[in-house]
Amino acid sequence: MAVDELQAIIQRCQILEEADFKGEDFNLFQVAGQKCLEDGCAAQLLEVIQNEKNKVIIKNMGWNLVSPLVRCIFMYKQEDDKREHCLKILDHLAQLCNPKELFLGLLEQIEQASGEQVCQTVMLLLQPLQTVLLKLQNKKAYSVGLSLAVIMNQLAPLPVPYTKQQIQEDKLGLCQCCNAVVDFAKPFVNEVVKNMEKSSEYNDMELKEELLKFCMKSLKYPLLTAQLEQLEGVEEHPFRHFATEIIDILWDIRELIPLVFLHCKGKSPHWENQEFADIERKNSADSLACLSYLVFVQYFGIDCFPIVFSPSYLLQCNMTHIEVLLKRTEESMLSKGLDLFESCLLRMEDNSLLHQYLEFRNFINVPQDLVKVTILCPIEHLRKKSLNILQLFIDKFDAEGKYTLFRCLLKTSNHAGVEGYIIKNIKDQIHLSLTKACDNIWFTGHHLISLLDLVLLLPEGAETDLLQNSDRIMASLNLLRYLVIKDCESDNQTGVWTTLAKIEQNFLKPLHVGLNMSKAHYEAEIKNKKENRREAHSSNTVCSVTVSGEKMPAMTTEMQLQVLHSALFTFDLIESVLARVEELIEGKIKAVLDEN
């Protein structure tokens, strides 16, 4: 019945001129064609479309069949003959229909897809869409750009497979789809390459710009989120393959080196709305950061680069990208930032980075971001890695650079553990200065005294929270003990003996007072808890503790007492080191007096 209706409409339209087709004819053809597909008559519909006599009708009206055709293809099983007929119909429509009309019809289907059908729809329609675009004469660049933008916008909400198992399963088909999109773009890349080869002054920049936008979007999604390390047992990592293809496109259209080194991405769109401009800038920064990671960590396209750049220049070029990545909290992006930073630093020799680099804003911001990762990141292996990279960064600077960096981190870290770590580094540098033949002015004499002013003091005097600052205090005491032992008063290379009175006033005396107050407070707390425990009906009385807004597991009285005793032990430890330092100072002064 449906086939008969379609044949009747076809016969009526065959006698009409192309210009005489009416809106009613289009509607009747669409309804009859859709009915044929729904009734399982795809084979008969295919015959109608293949009939040479119907060429003009199909050219004008065939695009209306795209929507029902896509629905039917997904309805039939893979091995069903009817599905095969539908696919052939789609191929014929791509060859016969008006390119402009069919282009819009195909794009509409991709835009309407959602959830699990997004990748399936994109992969189904890529080939006909490519065929149609290659036939377009006017606005080809715009249409290619629109197609790629719609496809990437549809893929962007999908989760990127990250683990080996997720990549192998590829549940939504994203891995396969991304590589299919690159194949879709290749003819247009070849067109740009041919035009550039014909003329060194290639002026038709529109298609090139659209391809560049596609590459930038691909770098942000899925590559910035994707796990790109080689996976054991995975012969061809789909995202590594996709990354290789994107790098190849950038190289082919002569944009790879400018993007990596000049940080320009062609014409940046002008937005009157500042919010849109900020989003565009952020997206561009993310994409460029991912590109640097691909080149300098995974070595995609590295063979294209001349080996003329110094390691310090490469570090300078990448610091902006490292800063972008270290500000992210997602594991995939944060780990890329750490890997990129580490890769740049490992190219350099120790003590080779000039202190002048710290005049660049990024060289101050990045170590501060590293400190935040070390303190706040919930992923343990990333915390440890960031601390190792911080040490690597310190090691690369010359003496003045290390000195400046130490001052900066002591003032900005606001974390006793990090401050203790920096103070230990200062001690190591002083040791090198005292044991080396060459004189290092930055960790001896008046420069060191200025640095010790930041180290040998209690932030809030005697009222400083000694428990919270215990790492810093212990590191400071160990440094002072080292200076007293290593530097004789007669030599006074470090200047510590000159400033001893100040150290006693700002550090040692307040520390004594603070220790006495803290110990008294905690001993009173312990006594209190023990008395309360006797009065309570059970030793399992609990109290709730809140840390950073999160309620921690309830603590019994026994657990509370354990914490309090642990605090007292810390105070005893500080007190013993303090006593040893004072004993050493007294001994050295007495020895000098005896000599005199």
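To be clear, the structure that these remarks concern was listed above.
Cut-off values and rules
- Residues numbered from 1 in each chain as written.
- Predicted model: local features only at pLDDT ≥ 70, side-chain atom pairs only at ≥ 80, totals over all residues.
- Heavy atoms only, no water.
- Helix = DSSP H or I, 4+ residues; strand = E, 2+ residues; numbered from the N terminus.
- Buried < 20%, exposed > 50% of the residue type's maximum accessible area, 1.4 Å probe, protein only.
- Contact = heavy atoms within 4.5 Å.
- Areas by Shrake-Rupley, 256 points an atom, 1.4 Å probe, with all protein chains shown as cover.
- Polar contact = N/O pair within 3.5 Å; in protein donor to acceptor, adjacent residues only side chain to side chain.
- Axes fitted to C-alpha atoms, helices over the stretch in contact; angles between N-to-C directions.
- Parallel < 35°, antiparallel > 145°, perpendicular 65-115°, else oblique.
- Left-handed = near helix turned anticlockwise from the far one by under 90°.
- Nonpolar A, V, L, I, M, F, W, Y, C, P; charged D, E, K, R; others polar.
- Expected span 1.5 Å × (residues − 1).
- 1 Å grid on protein atoms, 1.4 Å probe; cavity = no way out; pocket = protein on both sides within 12 Å on 5 of 7 lines; lining within 4 Å.
- Points joined across faces, edges and corners; volume = space filled by probe spheres on them.
- Core = buried A, V, L, I, M, F, W, Y, C linked by side-chain atoms within 4.5 Å.
- Phe/Tyr/Trp six-rings, centres within 6.5 Å; stacked < 30°, edge-to-face > 60°.
- Lys NZ or Arg CZ within 6 Å of the ring centre and 35° of its normal.
- Salt bridge = Lys/Arg side-chain N within 4 Å of Asp/Glu carboxyl O.

Along the chain, the regular secondary structure elements total 25 helices and two strands. In the chain, buried positions account for 47% of the 596 residues. Restricting the contact set of the chain to residue pairs at least 6 apart, pairs at least 24 apart contribute 74%. Accessible area of the chain: about 30300 Å², with a carbon and sulfur share of 51%.

Below, the discussion takes up the side chain of Thr 494. Looking at the secondary structure, you find Thr 494 in the loop between helix 23 (470-486) and helix 24 (500-535). Residue classification places Thr 494 among the buried residues on the basis of a relative accessible area of 0%. Among the polar contacts made by the side chain of Thr 494, one reaches the main-chain amide nitrogen of Val 496 at a distance of 3.3 Å. Sequence-distant contacts of Thr 494, that is, excluding residues within four places in its chain, are made with Ile 430, Leu 434, Thr 444, Gly 445, Leu 448, Ile 449, Leu 483 and Asp 487.

Moving on, we get to the packing of helix 17 (residues 331-346) against helix 19 (residues 380-396). Where helix 17 meets helix 19, the axes come as close as 10 Å, and the angle between the chain directions of the two elements is 25 degrees. Between helix 17 and helix 19, the angle falls in the class roughly parallel. Judged by the twist between their axes, the crossing of helix 17 over helix 19 is left-handed. Note on element contacts: helix 19 touches helix 17 through His 381, Leu 382, Lys 385, Ser 386, Ile 389, Leu 392, Phe 393 and Lys 396, opposite Glu 331, Leu 334, Ser 335, Leu 338, Asp 339, Phe 341, Glu 342, Leu 345 and Leu 346. For the contact of helix 17 with helix 19, the residue count by class is nine nonpolar, three polar and five charged.

What follows deals with helix 18 (residues 361-376). Its 16 residues place the ends of helix 18 22 Å apart at the C-alpha level, agreeing with the 22 Å of an ideal helix rising 1.5 Å per residue. Turning to helix 18, its buried residues are Asn 362, Phe 363, Asn 365, Val 366, Pro 367, Asp 369, Leu 370, Val 371, Val 373 and Thr 374. Tucked into the core, helix 18 has its buried residues touching helix 16 (311-326), helix 17, helix 19, helix 20 (399-412) and helix 21 (416-435).

A few words now on helix 19. Compared with the 24 Å implied by 1.5 Å per residue over 17 residues, the 25 Å span of helix 19 between its first and last C-alpha is a close match. The complete set of buried residues in helix 19 reads Leu 382, Ser 386, Ile 389, Leu 390, Gln 391, Leu 392, Phe 393, Ile 394 and Lys 396. Buried-residue contacts for helix 19 involve helix 16, helix 17, helix 18, helix 20 and helix 21.

Turning our eyes to something else, we now look at the layout of surface pockets. When its volume is computed, the second largest pocket comes out at roughly 340 Å³. Around the second largest pocket sit 18 residues that line it, and Asn 414, His 415, Ala 416, Glu 419 and Asn 469 are the ones nearest its centre. Listed by contribution, the elements that provide at least two residues to the lining of the second largest pocket are helix 20, helix 21 and helix 23.

A few words now on the nonpolar core. Counting 172 residues, the largest nonpolar core has Leu 155, Phe 214, Leu 294, Phe 341, Leu 477 and Leu 511 as its most contacted members. Ranked by residue count, the leading element in this core is helix 11 (residues 174-198), at 12 residues. Once residues within four sequence positions are removed from consideration, Leu 511 is found in contact with Leu 458, Leu 466, Ile 473, Leu 477, Ile 574 and Leu 578.

Right, let's get into the packing of aromatic side chains. Think of a pair of aromatic rings as described by two things: how far the centres are apart, and how the planes are tilted against each other in angle. Summed over the entire model, instances satisfying the criterion amount to 17 aromatic pairs. Site record: aromatic cluster; members linked through ring pairs are Phe 341, Tyr 357, Phe 360, Phe 363, Phe 393 and Phe 397. The ring centre of Tyr 293 lies 5.5 Å from the NZ or CZ of Lys 336, which sits over that ring. In this structure, Lys 427 packs its charged tip against the face of Tyr 482, placed 5.4 Å from the ring centre.

Glancing now at the environment of Glu 400. With respect to the helices and strands, Glu 400 occurs in helix 20. Linking Glu 400 and His 355, residues 45 residues apart in sequence, is a C-alpha distance of 5.8 Å. Those residues in contact with Glu 400 that sit more than four places away from it in its chain are His 355 and Trp 442.

What follows deals with the pattern of salt bridges. Pairs can form between side chains of opposite charge once their charged atoms are near each other. Evaluation of the coordinates by the stated rule reveals 23 salt bridges. Salt-bridge contacts for Asp 428 lead to Lys 424; the nearest nitrogen and oxygen are separated by 3.4 Å. Highlighted residues: Asp 428 and Lys 424, both in helix 21, separated by four residues, approximately one helical turn. Relative accessible area serves as the criterion here: at 31%, Asp 428 is assigned to the partly exposed category.

Turning our attention to the packing of helix 5 (residues 66-75) against helix 7 (residues 99-112). The interhelical angle for the contact between helix 5 and helix 7, taken along N-to-C directions, is 40 degrees, at an axis separation of 9 Å. By the angle class used here, helix 5 and helix 7 are oblique. Both helix 5 and helix 7 take part in a crossing whose hand is right-handed. Across from Val 66, Ser 67 and Val 70 in helix 5, the residues of helix 7 making contact are Leu 102, Gly 105, Leu 106 and Gln 109. Tallied by class, the residues present in the contact of helix 5 with helix 7 amount to four nonpolar, three polar and no charged.

Attention now moves to the side chain of Gln 391. With respect to the helices and strands, the residue Gln 391 is situated in helix 19. Here Gln 391 is in contact with Tyr 421 and Asn 425, once residues within four sequence places are set aside.

Tracing the backbone shows Val 581 in helix 25 (residues 557-595). Sequence spacing of Val 581 and Val 484 is 97 residues, and the spatial spacing of their C-alpha atoms is 7.8 Å. Residue contacts for Val 581: discarding those within four places in its chain leaves Leu 477, Leu 480 and Arg 481.

Now for unusual backbone geometry. Between Tyr 221 and Pro 222 the backbone carries a cis peptide bond, its omega angle lying at 10 degrees. In this structure, Arg 254 is a non-glycine residue whose phi angle is positive, near 60 degrees. Here Arg 254 lies in the loop between helix 13 (238-252) and helix 14 (256-262). One non-glycine residue, Asn 351, adopts positive backbone phi at about 65 degrees. Within the secondary structure, Asn 351 is located in the loop between helix 17 and helix 18. Its relative accessible area of 47% is what places Asn 351 among the partly exposed residues.

Fair warning: the whole summary comes from geometry, so function is off the table for now.
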